[in-house]
Amino acid sequence: MASIRCAASAVRGLSTRQVSSANSYQGAKRLLSDRIEPASASTLLDIGTRRIFSEEHDMLRENVRRFVQEDVVPYHEQWEKDGQVSREVWEKAGSLGFLGVNIAEEHGGVGADFLSATVVSEELSYAGATGPFFSLHSDIIMPYIAHYGSDEQRKRFVPDLTSGKKICAIAMSEPGAGSDLQGLRTTAVKQGDHYILNGSKTWISNGQIADVIVVVAKTGKDPRAAHGLSLFIVEAGMEGFERGKNLKKIGLKAQDTSELFFSDVKVPAENLLGEENKGFYYMMNELPQERLTVGITAMAACEAMFEWTREYLGDRKAFGAPLSKQQLLRHRMANMKTDIAVGRAFLDSCLERHNDRKLDGATASMAKSWASDLQNRVAYDCVQLHGGMGYMYDYKIGRAFVDARIQPIYAGTNEIMMELVSRSIFKA
């Protein structure tokens, strides 16, 4: 734990260091540019590559990779059978400083930069470990509490979320409303010192195990979503709050996804997150990071699938020689690596800009759409290159194929992403 905290501390210093002159700034950039890009490395998963990272990030990556191999991979098959991961792995991740990585230290988080949070997400994807949804918890939901919560809310929730003692979820989607927020039917009516919450949500990741749920509900009478949505912190055990079944998905078998029901739930007024009727604006502020996070995991999955397939083609023999000797297959791998290298360059430019708080929403939408579509193309090609073995769920590539399919759907469908990008092209 001490080594992780040390690495996080060093990264935190890197992210806030003020450069005193143009010369020192250029020197720092040159220092980082000495790092080769993954396409030039021995494998796409090598530690010590990519100019956006530093040696401190490498230290963190080594420790996260060790944690994933020792505390996640050996148990993942059982979690897939159980339909959810163990709470113990959350607490272990928290004890090592792998949760709430980019949440400010004064709010109860680790206080490192977003690139450090990226390392945690990538390493899980490199192992094909889609069960522990740490990125949802740390990089998508916790920022709502850290950015819009009161001091009391931060003190009450953030430390436990960072330690893994509590797990969070966000409840937006409903049976009749996915990407269309104006279609939400869940309501919260103010009555004295509390709100009465009624409605239902579906496809809620972490829904079975979450202790803290950020719920989106209508509070205003204005039919336009932008003027009538609020966010509430619902806690496990509140009367009237019930979890439905753990939904059966074609992929992400170890990741619990649930229906949630709210029947006259009395939510204390102090559990209103931010201001009433400002929920839509808060979500618009946070959704770019959510979409970038999908892009992060998608690109890392592409790199992992490529390496699994490279190894398979080198070991598998046909017609007296390894499949890697077949020119057609070699060229397919070359095309795949080229696509991945292009995607990696774009994603890393987005990461660099987001780490400096300069990434705009349209570019984040492009990153999510491009990377998740590429993930599905790579998954398709890698299954094909594995032949019959690729269709077996026992093989990582078979699981990765079905796991990839959700990426263009959640966090806003890729069709919605293209609509958002088009608005940046044709501005009213």
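Keep in mind that what you see is a predicted model, and the values were worked out from it rather than measured.

A. Representation of helix α12 (residues 414–425) within the structure. Taking 1.5 Å of rise per residue, the twelve residues of α12 would be expected to cover 16 Å, and the 17 Å separating its terminal C-alpha atoms lies within 8% of that figure. Taken as a whole, α12 has its buried residues at N414, M417 and V421. Down the axis of α12, the smallest arc covering the buried residues is 45 degrees, so these residues share one side. Of the residues in α12, the exposed ones pointing more than 90 degrees away from the buried face are E415 and R423. Contacts made by the buried residues of α12 are with α8 (279–315) and α10 (361–386).

B. Local environment of the pairing of strand β4 (residues 212–218). Among the seven residues in β4, six count as buried, and that is most of the element. The pairing of strand β1 (residues 168–171) with β4 spans four bridges and is parallel. From the neighbouring strand, A169 faces β4, where its bridge partner is I213. Note that β4 and strand β5 (residues 229–235) share seven bridges and pair antiparallel. Counted as the bridge partner of K218 is L229 from β5.

C. Examining empty space enclosed by the protein more closely. Overall, the coordinates contain two cavities of 30 Å³ or more when judged by the stated rule. The computed volume of the largest cavity comes to approximately 70 Å³. Per-element tally for the lining of the largest cavity: the top contributor is helix α3 (residues 55–82), with three residues. Volume-wise, the second largest cavity comes out at about 50 Å³. F98, G100, V101, A117, V120, S121, F134, S135, S138 and D139 together form the lining of the second largest cavity. For the lining of the second largest cavity, the elements supplying multiple residues, two or more each, are α5 (114–126) and α6 (134–148). In terms of residues, the lining of the second largest cavity owes the most to one element, α6, which gives four residues.

D. Structural context of the pattern of salt bridges. Enumeration according to the criterion identifies 21 salt bridges in this entry. D58 serves as the salt-bridge partner of R35, at 2.8 Å between the closest nitrogen and oxygen. With R35 in the loop between α2 (22–33) and α3 and D58 in helix α3, this pair connects stretches of sequence that are 23 residues apart. By relative accessible area, which is 13% here, R35 ends up buried. Between E307 and R310 there is a salt bridge, with its nearest N and O atoms 2.9 Å apart. Of this pair, E307 and R310 both sit in helix α8, three residues apart, which is roughly one turn of that helix. Here the salt bridges do not stand alone but share partners, grouping R50, R61, R65, E122, E123, E303, R344 and D348 into one network.

E. Fine view of the environment of K166. Structurally, K166 is set in the loop between α7 (151–163) and β1. Judged by relative accessible area, which is 25%, K166 ranks as partly exposed. Sequence separation of K166 and G274 is 108 residues, and the distance between their C-alpha atoms is 21 Å. Residues in contact with K166, not counting those within four places in the same chain, are R87, H137, D160, L161, D211 and V212.

F. Helix α11 (residues 396–404), seen in detail. Every buried residue belonging to α11 is among I397, G398, R399, A400, D403 and A404, and all of these are buried. Against the buried residues of α11 lie α3, α8 and α10.

Procedures and definitions
- Residues numbered from 1 in each chain as written.
- Predicted model: local features only at pLDDT ≥ 70, side-chain atom pairs only at ≥ 80, totals over all residues.
- Heavy atoms only, no water.
- Helix = DSSP H or I, 4+ residues; strand = E, 2+ residues; numbered from the N terminus.
- Expected span 1.5 Å × (residues − 1).
- Buried < 20%, exposed > 50% of the residue type's maximum accessible area, 1.4 Å probe, protein only.
- Arc of directions from axis to C-beta.
- Contact = heavy atoms within 4.5 Å.
- Pairing = 2+ DSSP bridges.
- 1 Å grid on protein atoms, 1.4 Å probe; cavity = no way out; pocket = protein on both sides within 12 Å on 5 of 7 lines; lining within 4 Å.
- Points joined across faces, edges and corners; volume = space filled by probe spheres on them.
- Salt bridge = Lys/Arg side-chain N within 4 Å of Asp/Glu carboxyl O.

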